[in-house]
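# Fold and geometry: a report
One letter stands for each residue in the lines below.
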Amino acid sequence: MSDESVPVTARSASEYPSEIRVLHVDDDAAILDLTREFLERAHERISVTSVSDPTTVLDQLGTADPHCIVSDYDMPALDGLELFDQLQEHGVDRPFVLFTGKGSESIAADAMSAGVTDYIQKGGTDTYDVLANRVLEAVQSQQRKVIARQAVDHYTALVETSHLPVYHYDEAGRIRYANEAAVELFGEESVESLVGEEMFDYHPPEHREKVRSRVERLRTGDKVSPTELRFSTEGSTQVAKVSCAPTAFDDDAVGQTIAHDVTELQESERELAQLREIITEEFKSVDAGLWKHRVDDDRITRYGVSSLLGLEPDRLSDSFDSFIEHVHPDDRETLREAYVGASERGESFNVRFRVEQAADEVRYLEDRGHPVTDDEGRVTQVIGLLVDVTDNEHRKRQLERQREQFESIATTLSHDFQGPLQTLKGRLELARHSGDPREQVDEARSITARLEELVDGLARTVRAGKPVTDVEPVAVDAVATDAAHARSFPTDDLTVAADLTVEANRDALHRLFENLLGNALDHGGEDVSVDVGRLPDGFYVEDDGVGFPGPVADSLFEFGTTTAADGTGVGLASVKRIAGSHGWEIEAVDGDRGARFEITGAEVLPSNRDSKPTSQ
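Predicted model, so just to flag it, every value in this text is computed and none were measured.

### With respect to the overall build of the chain
Summing up its helical and strand segments, the chain has 18 helices and 23 strands in all. Relative to its full complement of 616 residues, the chain shows a buried share of 42%.

Quick look at the structure:
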């Protein structure tokens, strides 16, 4: 038994139809019976219909509907090749196997030349195994062709109706096929006018070598990644993102391309980028920014927000955490709850919070968020406006300090002036009735001098509370030394951190040191010494005097508060007003040696030198 006579039952049944119908044509009834018996025994799915008259085959095709036709060659009415030609003329597309007892090289050559599927010469019983195998192979091959043809039909229908341009091309770059969308992309009038043209000519010169390279890579089987290409048509240029691959349906083509016209998309992206740039620049000028929070993917798009945080644009990602890490720790939870309330419960919010910038600078921002919902009422995004309100916050605090100051002055006028005025009134009344009024007049003069001191102190306090505008880098050691001379404070007892420089109004800072050094003399005596040192965001002034009586420290900066017998209570009140006018804070604490005043919130310029006495 030859290799081709391997039992066909060894093949996988899934490779064939559930019933393989064979139409066998032969004028010998015995051969018909024998062939049917062998073929049906060879494979359980084979079913044979026998026909002895070849002239009736066309009539029986509708009933038999064969998958394969097996025919003898030498038959009186019609030979096998004539039958094959007749079937071809009627458009019958079935595998046709010539199974004949009269064999010759001439007949075999004519059969294969005519296009029959196979040629087998009758012989022993082994021949029927060969015939069964050839029938199965022919049916299987036909099945594949049908499936492939259906795939091509489906592909063609899909491509023809697609709005995406699709075109095939050969290794020379000539277009072999194009759909209507491709015709429009290439700027041609019809498919006929485009097919046969070299596609390189439809690209600008700077892109042609790139296109040639992609065609060559397809020809050699290399993978080609999607890219963007420009298509030049009369009077315009289109941009398309193209994906290329070998084509499985066109033997004349080496590749196919599917293009997606992105011209309008790119133009929209350019306009959007320009709009973003304009918005960002505009918001920089007004210290404001916009943001949009998409709830579904928890991403935030921002315009002009980075500059409000003192950051470069690429330092802030699209997450909420990257933003909130710049918020003052004490304000983070409030802001987080506001965002959650907006995205989960649809609640608008208006939150003011602090952000920490470089060089320990603290700024105040106000965030206003509003939820956006879909038709079903679900929050899809939250949009917001972020505004820098630092100046507003400082003005608010300044007004609050001024209000407190005026309330303090009013209290002083009604309380501290009341005693001296009553005493003055009494002295004048005694002088009017006294025989020698000089003693009473001298007492009255003393009282008026005291009142003048109080009035001067009030005026200084009011002036100290006015916001300063003309600030500059001021060397603290020089100003403190000048203030020491003005208050007759021994400079040998004054030590100032060297190269300590702050942004301040020089005259106001001079008055601040005058008052603090005067306070040290008033409470510590002539032997008191004072140190001025550096803090991360300011400086301190500390003496080696008696320190603070505990309860008094809380009210030291109120106008009229003093522990000195002849004090007016305006010096430290003025110090507080001067600090406030710069946007600073001042706090009285017990130092290691005595009274210590810490001024914070100041802009301290970098230093690299140690402390030194200011004695001269």
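### Remarks on the pairing of strand β2 (residues 46-51)
Across six bridges, the pairing between strand β1 (residues 20-25) and β2 is parallel. Bridge assignment links V22 to a residue of β2, and that residue is V48. Handedness of the crossover is the feature at issue here: the chain leaves β1, passes through helix α1 (residues 29-42), returns alongside β2, and the resulting connection is right-handed.

### Details of empty space enclosed by the protein
If you walk through the whole model with that rule in mind, you get three cavities of 30 Å³ or more. Considered as a void within the structure, the largest cavity measures approximately 80 Å³ in volume. In this structure, the largest cavity is lined by Y167, Y169, M199, H203, V211, R214, V215, L218, L229, V242, C244 and T257. Here the element with the most residues in the lining of the largest cavity is helix α8 (residues 205-219); it accounts for four residues. Counted by class, the lining of the largest cavity contains nine nonpolar, two polar and one charged residues.

### Observations regarding the sheet that holds strand β3 (residues 68-71)
On the basis of which strands lie adjacent, the open sheet formed by five strands has the order β2-β1-β3-β4-β5 and parallel pairing. The sheet is open, and its two edges are formed by β2 and β5 (118-121), each paired on a single side. When the angles between neighbouring strand axes are averaged without regard to direction, this sheet yields 20°. On top of the sheet, helix α4 (residues 105-114) reaches β4 (96-100) and β5; it is set at about 155° to β5, its chief contact. Contacting β1, β2, β3, β4 and β5, helix α5 (residues 126-161) runs over the sheet at an angle of about 170° to β5.

### So, the packing of aromatic side chains
What describes a pair of aromatic rings is the distance from one ring centre to the other and the angle between the planes of the rings. This structure, assessed with the given rule, holds 14 aromatic pairs. Relative to Y128, the ring of F99 lies with its centre 5.8 Å away and its plane at 70°, an arrangement referred to as edge-to-face. Note that F99 is positioned in strand β4 and Y128 in helix α5, a separation of 29 residues in sequence. No difference in accessibility class separates F99 from Y128, as the two residues are buried. The interplanar angle of 35° and the centroid separation of 5.4 Å between the aromatic rings of Y339 and F349 together place this pair among those described as tilted. Of the two residues, Y339 is situated in helix α12 (residues 332-345) and F349 in strand β13 (residues 349-356); the sequence distance between them amounts to 10 residues.

### Notes on the pattern of salt bridges
All chains considered together, the criterion is met by 27 salt bridges. Here E393 makes a salt bridge to R352, at a shortest N to O gap of 2.7 Å. Here E393 is found in helix α13 (residues 390-415), whereas its partner R352 is found in strand β13, with 41 residues between them in sequence. Ionic contacts of the salt-bridge type, sharing partners, join the residues E19, R21, D65 and R94 into one network.

### Observations regarding the nonpolar core
Counting residues in hydrophobic clusters, the biggest one holds 39 residues, and the most contacted among them are L494, L509, F513, V532, F539 and F597. Looking at this core element by element, the count peaks at seven residues for helix α17 (residues 506-524). Judged by nonpolar contacts, the second largest core, of 24 residues, contains F186, V191, C244 and V254.

### What to know about the pairing of strand β8 (residues 227-233)
Alignment of β8 against strand β9 (residues 236-245), held across seven bridges, turns out to be antiparallel. Bridge pairing links R230 to V239 in β9. Hairpin connection of β8 to β9: two residues between the antiparallel strands, including G235 at a positive phi of 80°.

### Concerning the sheet that holds β8
Strand order across the open sheet formed by five strands is β7-β6-β10-β9-β8, with antiparallel pairing between neighbours. Here the strands that pair on one side only, and so sit at the sheet edges, are β7 (175-178) and β8. Put simply, the sheet's adjacent strands are angled 35° from each other on average, direction ignored. In terms of strand pairing, strand β6 (residues 166-169) meets strand β10 (residues 255-261) through four bridges, oriented antiparallel. Each bridged residue has a counterpart across the sheet, and for Y169 the counterpart in β10 is G255. Each of β6, β7 and β10 touches α5; the most contacted strand, β6, lies at about 120° to it.

### Here's the deal with the packing of helix α2 (residues 57-64) against helix α3 (residues 80-89)
Their axes nearest at 11 Å, the elements α2 and α3 cross at an angle of 60°. When the axes of α2 and α3 are compared, the pair comes out oblique. Crossing of α2 against α3: the hand is right-handed. Contacts between α2 and α3 involve V57, L58 and L61 from the first element and L83, Q86 and L87 from the second. Of the residues contributing to the contact of α2 with α3, the split by class is five nonpolar, one polar and no charged.

Scoring rules and cut-offs
- Residues numbered from 1 in each chain as written.
- Predicted model: local features only at pLDDT ≥ 70, side-chain atom pairs only at ≥ 80, totals over all residues.
- Heavy atoms only, no water.
- Helix = DSSP H or I, 4+ residues; strand = E, 2+ residues; numbered from the N terminus.
- Buried < 20%, exposed > 50% of the residue type's maximum accessible area, 1.4 Å probe, protein only.
- Pairing = 2+ DSSP bridges.
- Right-handed = clockwise from strand over helix to strand, strands pointing away.
- 1 Å grid on protein atoms, 1.4 Å probe; cavity = no way out; pocket = protein on both sides within 12 Å on 5 of 7 lines; lining within 4 Å.
- Points joined across faces, edges and corners; volume = space filled by probe spheres on them.
- Nonpolar A, V, L, I, M, F, W, Y, C, P; charged D, E, K, R; others polar.
- Axes fitted to C-alpha atoms, helices over the stretch in contact; angles between N-to-C directions.
- Contact = heavy atoms within 4.5 Å.
- Phe/Tyr/Trp six-rings, centres within 6.5 Å; stacked < 30°, edge-to-face > 60°.
- Salt bridge = Lys/Arg side-chain N within 4 Å of Asp/Glu carboxyl O.
- Core = buried A, V, L, I, M, F, W, Y, C linked by side-chain atoms within 4.5 Å.
- Parallel < 35°, antiparallel > 145°, perpendicular 65-115°, else oblique.
- Left-handed = near helix turned anticlockwise from the far one by under 90°.

Everything listed here is a matter of coordinates, which is why it stays silent on function.
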